[in-house]
Amino acid sequence: MENRYPRFAGGRILKKESLWDLRDYAYGSTQLSYMDYTDGIIKGCRVRVEGNRLVIGKGILKCGDFIYLMQEEEAVPFEAENRLTVLKAAFTVKQGNPDYLDYQVSFFLDPDPERKQGQIELCRFHLRTGSVLRDRYKDFSDMRTEYDTINLIHATVAGRGQERLHPEVLLRFAEEMTLQKGKQAVDSCFCYQLLNTAGEADSQMVKAYLADKGEEDYGHSDREWLYEKLSTMLGYEIGAGDKHTGRKIILVE
């Protein structure tokens, strides 16, 4: 094994091999950092609403063995269609040029919630005619509101060996749980970890927290199940479908 680091100094000739070494080191280190991650959003790529456009922020995405760096924002126009709409990213590789491979990512809206190969989900929504799409939430349960609201629960977020809940979802949970009276030490420890990492947590960590609270996963690993269990930790009662029925009050003598 050999690692070569170019030496840039006066009087020396800048060789193409030195530039190749810099290229390979920068690319290789990024790939190795996330080689154990699943496909999906690694960092950033926050979706916000600006008028009739969905704006995807800068970030890092992964598909297959390649890391896609988004150094500019992208925008996708939308309109009210009275149906479920999913914002997806599609990854392609073009090999027409003999000098390089062209790794591309494109964003589009799709009524089909199923992901095809080479696709990930960034968010979904159901916008009714005459309504305004929003990306802000009143509380944790509001993140699952069925209509006119950006839903991040099903977003494809990359994790070590397993997809995980969107950081914004977990961060909102931590912010609400820290304000609750009567919380246990395990709640505080879990929330402090989420607040310290801005909501970055693998699904195994979330499931371990739920297990400490007496919730068995029974083999579940989907993000919808994790969200519902976290909702019960905050006292929200989950109703049928995608609607929440409000907060459940527990009286303790």
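Look above for the structure.
What comes next concerns the included structure. Note that the structure is a prediction, hence the values are computed from the model and not measured. (Residues numbered from 1 in each chain as written. Predicted model: local features only at pLDDT ≥ 70, side-chain atom pairs only at ≥ 80, totals over all residues. Heavy atoms only, no water.)

Brief notes about the pattern of salt bridges
Note on pairing: side chains with opposite charge can pair once their charged atoms come close. Taken as a whole and assessed by the stated rule, the structure comprises 20 salt bridges. Of the charged contacts, one joins Arg 48 and Glu 73 as a salt bridge, the two residues approaching to 3.0 Å between their closest N and O atoms. Of this pair, Arg 48 sits in strand 2 (residues 47-50) while Glu 73 sits in the loop between strand 5 (66-70) and strand 6 (74-77), and the two are 25 residues apart along the sequence. On the accessibility criterion, Arg 48 (24% relative accessible area) is partly exposed. We note a salt bridge from Arg 53 to Glu 50, for which the minimum N-O separation is 3.1 Å. The class for Arg 53 is partly exposed, based on a relative accessible area of 35%. The class for Glu 50 is partly exposed, based on a relative accessible area of 31%. Members of the salt-bridge network, linked through shared partners, are Arg 48, Glu 50, Arg 53 and Glu 73. (Salt bridge = Lys/Arg side-chain N within 4 Å of Asp/Glu carboxyl O. Helix = DSSP H or I, 4+ residues; strand = E, 2+ residues; numbered from the N terminus. Buried < 20%, exposed > 50% of the residue type's maximum accessible area, 1.4 Å probe, protein only.)

Digging into the packing of aromatic side chains
Geometrically, a pair of aromatic rings is defined through the distance of the ring centres and the angle of the planes. Counting across every chain of the model gives 11 aromatic pairs. Centre to centre, the rings of Tyr 68 and Tyr 103 are 6.2 Å apart; their planes meet at 75°, and the pair counts as edge-to-face. One end of the pair, Tyr 68, is in strand 5; the other, Tyr 103, is in strand 8 (residues 102-110), with 35 residues separating them in the sequence. We classify Tyr 103 as partly exposed; its relative accessible area is 31%. Taking 5.8 Å as the distance between ring centres and 65° as the angle between the ring planes, the aromatic pair formed by Phe 78 and Phe 125 counts as edge-to-face. Of the two residues, Phe 78 sits in the loop between strand 6 and strand 7 (84-94) while Phe 125 sits in strand 9 (residues 119-126), which places them 47 residues apart along the sequence. For Phe 78, a relative accessible area of 10% gives the class buried. Three or more aromatic residues joined by ring pairs make a cluster, and in this case those are Phe 140, Phe 173, Phe 190, Tyr 209 and Tyr 227. (Phe/Tyr/Trp six-rings, centres within 6.5 Å; stacked < 30°, edge-to-face > 60°.)

As for the side chain of His 154
Note that His 154 resides in the loop between strand 9 and helix 2 (167-177). Beyond its immediate sequence surroundings of up to four residues, His 154 is in contact with Glu 121, Arg 124, Arg 223 and Glu 224. (Contact = heavy atoms within 4.5 Å.)

Regarding the sheet that holds strand 6
Judged by pairing direction, the sheet is antiparallel, and its three strands sit side by side in the order 2-3-6 without closing on themselves. Among the strands making up the open sheet, the edge pair consists of strand 2 and strand 6. Strand-to-strand, the axes of this sheet are offset by a mean angle of 30°, without reference to chain direction. Strand direction decides the pairing type here: strand 3 (residues 53-56) and strand 6, joined by four bridges, are antiparallel. Considered in strand 6, the bridge of Val 55 is made with Ala 75. (Pairing = 2+ DSSP bridges. Axes fitted to C-alpha atoms, helices over the stretch in contact; angles between N-to-C directions.)

Concerning the nonpolar core
Counting 49 residues, the largest nonpolar core has Phe 173 and Leu 230 as its most contacted members. Residues within four places of Phe 173 in sequence aside, it is in contact with Phe 140, Phe 190, Cys 191, Leu 194, Tyr 209, Leu 230, Met 233 and Leu 234. Listed in part, the six residues of the second largest apolar core include Tyr 34, Tyr 37, Ile 42 and Ala 158. (Core = buried A, V, L, I, M, F, W, Y, C linked by side-chain atoms within 4.5 Å.)

What about helix 5 (residues 223-233)?
The buried count for helix 5 comes to eight of 11 residues, which makes it a mostly enclosed element. Taken together, the buried positions of helix 5 are Arg 223, Glu 224, Trp 225, Leu 226, Tyr 227, Leu 230, Ser 231 and Met 233.

With respect to helix 4 (residues 203-212)
Among all positions of helix 4, only Ser 203, Val 206, Lys 207, Tyr 209 and Leu 210 are buried. Projected down its long axis, helix 4 carries its buried residues within an arc of 155°, all on one side. In this fold, the buried residues of helix 4 make contact with helix 2, helix 3 (185-196) and helix 5. (Arc of directions from axis to C-beta.)

Details of the sheet that holds strand 1 (residues 40-44)
Read from one edge to the other, the open sheet built from three strands follows the order 1-4-5, with strand pairing classed as antiparallel. With partners counted over all chains shown, the strands left at the sheet margins are strand 1 and strand 5, one partner each. With direction set aside, neighbouring strand axes in the sheet form an average angle of 20°. Relative to strand 5, strand 4 (residues 59-63) runs antiparallel, the two sharing five bridges. From the neighbouring strand, Leu 61 faces strand 5, where its bridge partner is Tyr 68.

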